[in-house]
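# Results of the structural survey
For reference, the chains in residue letters:
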Amino acid sequence: FEMAQRLKALGEEVGAVVMIDPETNPHAVPWLYWRNPDAMYIWPWRFLLRVTWAAQRWSWEIFYRLSGRAWTSEPLETGPNRQDRQALLAAIKAAIRVYRPHPYDGKLTIVCCARRLKSLRNSVTGWPSLARQAEFSVAGGSHYDVFNIALPVVGATIERAVNGAQSKSQRP
C-alpha cells in the first residue's frame with residue numbers, strides 16, 4: 001500500500017495492489033481505528049484494548065493447560081539478544097506511532113480470512129476508508145487457512161488482479 005503511494009507520487013503507474021490478510025489489531029494498525037491515535041481521548045481505549053488482549057491471551061493459556069494441551073510461549077531472551085529485541089520492538093512501536101497512510105485512489109485487492117472480513121470491509125475503520133476502490137476476496141476461515149489450505153484461492157485472486165491490471169494497461 002505504502003509502496004504504491006510512493007510510486008504514484010514519483011509518477012509511476014501502479015497496476016495492482018494486493019494485500020494478503022492484513023492485520024486488524026488496533027495496536028498494529030491504529031490509523032484505521034483512530035485518525036489521531038495519540039489524542040488524549042484515545043489513551044483509555046488503548047489501555048482497555050491492551051488489558052483485553054492480555055486477558056484473552058491468559059484465558060487461552062489457562063484453557064490449554066487445563067485441557068492438558070501444551071502451551072507454547074516465547075522463549076526468554078537474555079543478554080545482548082534481549083537488548084537487540086527490545087531496541088527492535090521500540091523502533092517498530094515508534095514507526096507505527098508516527099505512520100499515517102494517505103488515501104489511495106487506485107484499486108486495492110485484499111485477500112483475507114472470513115474472521116477479518118467484517119473489520120477490514122468496514123467503511124469507517126477498514127481499508128475502504130483509505131482506498132475507495134477496495135475489493136475483498138475471502139480465502140479460508142482463519143489467518144492460518146489463508147497461508148495453508150486456501151493458497152489456491154489466494155493465488156487465483158492475485159492472478160485475477162494482475163491480469164485485470166495488465167488488460168487495462170493494454171487498452172488504447
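Coordinates for the structure precede this section.
In this report, the structure presented in the accompanying data block is examined. Per-chain numbering applies: the sequence of each chain, read as written, is numbered from 1 onward. The predicted origin of the model limits local features to residues at a pLDDT of at least 70 and limits the giving and counting of side-chain atom pairs to 80 or more, whereas totals for whole chains, interfaces and linings rest on all residues. Each side-chain value is worked out from all heavy atoms of the structure, with water and hydrogens disregarded.

Two strands are said to pair when DSSP picks up at least two bridges between them. Counting from the N terminus, the helices are DSSP H or I runs at least four residues long and the strands are E runs at least two residues long. Sheet analysis places strand β2 (residues 104-112) next to strand β3 (residues 131-138), joined by 7 bridges and oriented parallel. Counterpart to Thr 109 in the pairing with β3 is Glu 135. Note that the unit made of β2, helix α5 (residues 114-121) and β3 has a crossover that is right-handed. Clockwise travel from the first strand over the helix to the second, with the strands pointing away from the viewer, marks a crossover as right-handed.

Time to look at the pattern of salt bridges. Put simply, a salt bridge is a Lys or Arg side-chain nitrogen that is within 4 Å of an Asp or Glu carboxyl oxygen. Using the criterion set out here, one finds 6 salt bridges in the structure. Linking Lys 107 and Glu 135 is a salt bridge whose minimum nitrogen-to-oxygen distance equals 3.2 Å. Residue Lys 107 is located in strand β2, and its partner Glu 135 is located in strand β3; the two are separated by 28 residues in the primary sequence. One salt-bridge network, held together by shared partners, links Asp 21, Glu 23 and Arg 116.

This part takes up the pairing of β2. Under the scheme applied here, a residue whose accessible area is under 20% of the maximum for its type counts as buried, over 50% as exposed, and between as partly exposed, the area being computed with a 1.4 Å probe on protein chains only. Within β2, 7 of the 9 residues are buried, leaving the element largely enclosed by the surrounding structure. Bridging between strand β1 (residues 17-20) and β2 involves 4 bridges; their strand directions are parallel. Note on β2: the bridge partner recorded for Val 17 is Leu 108.

Bringing the packing of aromatic side chains into the picture now. Here is the rule: rings of Phe, Tyr and Trp (six-membered ring for Trp) pair when centre to centre is within 6.5 Å. Planes less than 30 degrees apart are stacked, more than 60 are edge-to-face, and the remainder are tilted. All told, the structure shown has 5 aromatic pairs when counted by the stated rule. Seen in terms of ring centroids, Trp 60 and Phe 63 are 5.7 Å apart; in terms of plane orientation they differ by 85°. Their pairing is edge-to-face. Of the two residues, Trp 60 and Phe 63 both sit in helix α3 (residues 43-66), 3 residues apart, roughly one turn of that helix. For Phe 63, a relative accessible area of 42% translates into the label partly exposed. Through pairs of rings, three or more aromatic residues link up here, namely Phe 1, Tyr 104 and Trp 127. Placement of a positive charge over a ring is assigned whenever Lys NZ or Arg CZ falls within 6 Å of the ring centre and within 35 degrees of the normal to the ring plane. Positioned above the aromatic ring of Tyr 64, the side-chain terminus of Arg 69 is 4.6 Å from the ring centre.

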